[in-house]
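# Summary of the model geometry
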Amino acid sequence: MRRARRKIIEIGLTAFLAVLLLFAATPDVRAAEGSLSELSTYINRTAAWELATVTDPTCASVGGEWTVLSLARAGKMTDSFRSTYLANLRIQLDSCDGVLSSRKYTEYSRVTLAVTSLGMDASDIFGYNMLAMLADYDKVI
């Protein structure tokens, strides 16, 4: 029960950081007096919480790509966090021969967003092409 509650909180805060990052680029937020400073405070607090809470980032919605994306885009990614995520992603891809799912193509989209935010090419992640799985429109929809 405690783990489930922690995961729910983790999802909520990760989504919150992602929304904050989206608003950081809009003129309305930047124009508001003092809002950029306040926004930076929230981003810093959320990033610190994510780094302290998600200690083993993996290929998953929770504790995985959304956290990687938000930390990378906020400029808060640590070398340790990046290395752990990439090591876990490689293990996952190798264990399933690069086929994350035959039904849920959002798995490939999520990984593509995360690795791209790390400056990597999603068409060659440890020898696997995440974009190829998204190329068949009929399967994706």
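Residues numbered from 1 in each chain as written. Predicted model: local features only at pLDDT ≥ 70, side-chain atom pairs only at ≥ 80, totals over all residues. Heavy atoms only, no water.

## Looking at a positive patch on the surface
Rules: Surface patches are drawn from residues lacking salt bridges whose relative accessible area is over 30%; two like charges belong together within 9 Å, two nonpolar side chains (Val, Leu, Ile, Met, Phe, Trp, Tyr) within 5 Å. Working definition of accessibility: Shrake-Rupley area with a 1.4 Å probe, residue cover restricted to the visible protein chains. Salt bridges, as used here, are contacts in which a Lys or Arg side-chain nitrogen is within 4 Å of a carboxyl oxygen on Asp or Glu. Positive: Lys, Arg. Negative: Asp, Glu. His and the chain ends are not part of the count. The atom standing in for a charge is NZ when the residue is Lys, CZ when it is Arg, CG when it is Asp and CD when it is Glu. Numbering of helices and strands starts at the N terminus; helices are DSSP runs of H or I of at least 4 residues and strands are runs of E of at least 2.
On the surface, a cluster of positive charge is contributed by R2, R3, R5, R6 and K7. If you trace the backbone, K7 turns up in helix 1 (residues 2–24).

## Topic: the nonpolar core
Rules: The nonpolar core is taken to be a set of buried Ala, Val, Leu, Ile, Met, Phe, Trp, Tyr and Cys residues, with the residues joined through side-chain atoms within 4.5 Å. Classification of residues uses two cut-offs on accessible area relative to the type maximum, computed with a 1.4 Å probe and protein chains only: under 20% is buried, over 50% is exposed, and between them is partly exposed. It only takes one pair of heavy atoms within 4.5 Å for two residues to be counted as in contact.
Y85, L89, L93, L100, V111, V115 and M130 are the most contacted members of the largest nonpolar core, which totals 22 residues. Counting residues per element, the ones that place at least two in this core are helix 4 (61–74), helix 5 (79–95) and helix 6 (106–117). The dominant element in this core, judged by the number of residues it contributes, is helix 5, at five residues. For V115, the contacting residues outside a window of four places in its chain are Y85, L89, M120, A122 and I125.

## Quick word on the state of the cysteines
Applicable threshold: Cysteine sulfur atoms are paired as a disulfide whenever they fall within 2.5 Å.
For the structure shown, the criterion picks out zero disulfides. In this model C59 remains outside any disulfide bridge; the closest cysteine sulfur is found in C96, 7.4 Å from its own.

## Some thoughts on the side chain of T67
You can see T67 is positioned in helix 4. With residues up to four places along the chain from it excluded, the contact list for T67 reads T14, E50, V54 and F81.

## Description of the confidence of the model for the chain
Put simply, the rule is: On a range of 0 to 100, pLDDT expresses the predictor's confidence in each residue.
Chain-level statistics for the chain give a pLDDT mean of 85 and a share of 84% at 70 or above. Within the chain, the lowest mean pLDDT, 52, falls on helix 2 (residues 27–31), and the highest, 97, falls on helix 5.

## Observations concerning the pattern of salt bridges
One pass over the full model with this rule turns up four salt bridges. The partner of E107 in a salt bridge is K104, with the nearest N and O atoms 3.5 Å apart. Residues E107 and R110 are paired through a salt bridge, measuring 3.0 Å at the closest nitrogen-oxygen approach. Here R110 and E107 lie together in helix 6, a separation of three residues that amounts to about one turn. Each member of the pair, E107 as well as R110, carries the same accessibility label: buried. It is possible to trace a salt-bridge network through shared partners that takes in E65, K104, E107 and R110.

## Quick notes on unusual backbone geometry
Of note in the backbone geometry, D97 takes a positive phi value of approximately 55° without being a glycine. In this structure, F126 takes a positive phi of about 55° despite not being glycine. Mapping F126 onto the fold places it in the loop between helix 6 and helix 7 (137–140). Note on F126: relative accessible area 25%, which makes it partly exposed.

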